[in-house]
Amino acid sequence: MSEHATPCIIIHHSEISLKKGNRGFFEARLRDNINHALNGLPGCHVKMDYGRFLLFFNHMDQTQEILDRLQHVVGIAYLRPAYPGSRDPDTLKDQVFDIVKSMSFNTFRVDTRRADKQFPHTSVEINRIVGSRIHMQLGKPVDLSDQADLTISIEIFNKKVFFSVNSIRGIRGLPVGSTGKVVSMLSSGIDSPVSSFMMMTRGCQNIFVHFHSYPYTEKSSIYNAQALVRHLTRYQYRSKLYLVPLASIQRAIISGAPEKFRVILYRRMMYRLAQKVAEKEGARALVTGDSLGQVASQTLENIAAIDDAITMPVLRPLSGLDKDSIIKKARDLGTFTTSIEPHDDCCSYLVPQRPETKAKMDQVHKAESGVPDWQAQIKDALKKTELEKYTWSV
């Protein structure tokens, strides 16, 4: 930006514009989340203006820190560090040229969006006037495709003109907290952190539940889960993690049910416990990292047998993805390294060698009826559950 320009970043949201009558609610939630992300940075001011947010701030040296923070805000489509421009096209072309003349590029294009239809020049005319100056002075060819080395974006709205030479893609989606709460069943592995994040991009505030078999296993899975929640809290600012002991329930299942049904019964009990947490927290659904057919418990028959244990919807955002796709998402999210740290998973504790893959409901009910006092075991596990709270901070 020029030394006399007020620092500004234009923030465009993603699918909020489709919400019509509820648009104001979603925009207010996104604004709150933007302000939360900028907490601790002095002089930042966010205002809504003609379908986008304008973020003004005091010092140029804040720019990169602000952009880094905003790239973690769910619901932002893209960010543009912007320069205020003149409404006079001849002056505007000089302002743009002063910025781009020292930049390194081969091809360029000018992309004008004229939301202000009272502006006396069309978008095509502005593109031609600004582009001609750059082409004639620098000899750079125009490339109207999105493959151009440099795109100069000009936005005209509400009697204002801004231009930018850098567009940064955001996470997109809906603002976290705009569609309600879910309980995410968080293992220490690769899949469930990704599924949790995917639900954040659908506007859900995640409450995390981690099942462990301590003291019959080490605490490694707990430590991994805590690290994953700390990482994911960057995207939703506040998190709760329920640490639920499962070992006593597992022992009861082992003592009273056929071996091949162990995993199914483990998960039925986990779902019941997670639903109790959801009811306490006012959440409307459970979230798992299941991918259809990936392991024995994730066949269609076994999914139906497990879901039968509860009345709450179960969301499976990874159900159509293969493992390689999930791993790529975990790497992009930054959770992969933590997820592959060695840990004892509660579901690998005394897992049968030949688990049932096509469970029939009557057989599952019969197997579960042999588990001694499982209702009391559920209540006891809830009493022994620990709650941890996390808040994102720089």
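Residues numbered from 1 in each chain as written. Predicted model: local features only at pLDDT ≥ 70, side-chain atom pairs only at ≥ 80, totals over all residues. Heavy atoms only, no water.

1. Comments concerning the overall build of the protein
As a reminder, the rule being used: Counting from the N terminus, the helices are the DSSP runs of H or I reaching at least four residues and the strands are the DSSP runs of E reaching at least two. Exposure classes here rest on a 1.4 Å probe applied to the protein chains alone. A residue is buried below 20% of its type maximum, exposed above 50%, and partly exposed in between. What makes two residues a contact is simply this: any of their non-hydrogen atoms within 4.5 Å. Computed by Shrake-Rupley with a 1.4 Å probe, the accessible areas treat only the displayed protein chains as cover when residues are assessed. By the counting rule applied here, Lys and Arg register as positive and Asp and Glu as negative, while His and the ends of each chain are not counted. Where a charge lies is defined by one atom per residue type: Lys uses NZ, Arg uses CZ, Asp uses CG and Glu uses CD.
Helices and strands together make up the secondary structure of the protein, namely 13 helices and 14 strands. With the principal axes as the frame, the protein shows a C-alpha extent of 85 × 40 × 40 Å. Counting across all 394 residues of the protein, residues that qualify as buried make up 51%. Put simply, 80% of the contacts in the protein that link residues at least 6 apart link residues at least 24 apart. Within the structure as shown, the protein displays about 18500 Å² of accessible surface, and the carbon and sulfur contribution to it stands at 48%. Charge centroids of the protein, computed over 52 positive and 41 negative side chains, lie 4 Å from each other.

2. Description of the sheet that holds strand β11 (residues 238–245)
Worth spelling out the cut-off: Two strands are counted as paired when DSSP detects at least two bridges linking them.
Pairing is mixed in the open sheet, where 6 strands are placed in the order β13-β12-β9-β10-β11-β14. Two strands lie at the open edges of the sheet, namely β13 (314–315) and β14 (386–391), each paired on one side alone. Direction of pairing for strand β9 (residues 180–185) relative to strand β10 (residues 204–212): parallel, over a ladder of 6 bridges. Considered in β10, the bridge of Lys-181 is made with Gln-205.

3. Topic: the environment of Pro-193
The topology assignment puts Pro-193 in helix α5 (residues 191–200). On the basis of relative accessible area, Pro-193 is assigned to the buried category, the value being 0%. Separated by 108 residues in the primary sequence, Pro-193 and Gly-85 have C-alpha atoms spaced 43 Å apart. For Pro-193, the contacting residues outside a window of four places in its chain are Leu-186, Leu-228, Leu-232, Leu-333, Thr-335 and Ser-339.

4. Thoughts on the packing of aromatic side chains
The condition that has to hold: Put simply, two rings from Phe, Tyr or Trp (the six-membered ring, in Trp's case) pair if the centres are within 6.5 Å, and we call them stacked under 30 degrees between planes, edge-to-face over 60, tilted for the rest. Only lysine NZ and arginine CZ atoms are considered, and such an atom sits over a ring when it is within 6 Å of the ring centre and within 35 degrees of the ring normal.
Applying the stated criterion to the full structure yields 5 aromatic pairs. With a centroid separation of 4.9 Å and an interplanar angle of 70°, the aromatic rings of Phe-197 and Tyr-235 are classed as edge-to-face. One end of the pair, Phe-197, is in helix α5; the other, Tyr-235, is in helix α6 (residues 220–236), and 38 residues separate them in sequence. Judged by relative accessible area, which is 16%, Phe-197 ranks as buried. What makes Tyr-235 buried here is its relative accessible area of 8%. The cationic tip of Arg-133 hangs over the ring face of Phe-97; the distance from NZ or CZ to the ring centre is 4.3 Å. The ring of Phe-105 is capped by Lys-140, whose NZ or CZ atom sits 5.4 Å from the centre of that ring.

5. Some points on the pattern of salt bridges
Cut-off, in case you're wondering: Any Lys or Arg side-chain nitrogen found within 4 Å of a carboxyl oxygen on Asp or Glu counts as a salt bridge.
Taken as a whole, this structure holds 23 salt bridges when the rule is applied. Ionic pairing is found between Arg-87 and Asp-116, a salt bridge with its closest N-O pair at 3.7 Å. One end of the pair, Arg-87, is in the loop between β4 (76–84) and α3 (89–100); the other, Asp-116, is in the loop between β5 (108–114) and α4 (123–138), and 29 residues separate them in sequence. A residue is classified by how much of its surface remains accessible, and Asp-116, at 7% relative accessible area, is buried.

6. A short note on helix α2 (residues 63–70)
Filter applied, for reference: Regarding the arc, it is the one traced by the directions from the helix axis to the C-beta atoms.
Buried within α2 are the following residues: Thr-63, Ile-66, Leu-67, Arg-69 and Leu-70. In a view along the axis of α2, the buried residues occupy a sector of 165°, so they form one face of it. Against β1 (8–13), α1 (23–37), β3 (52–56), β4, β8 (168–169) and α6 lie the buried residues of α2.

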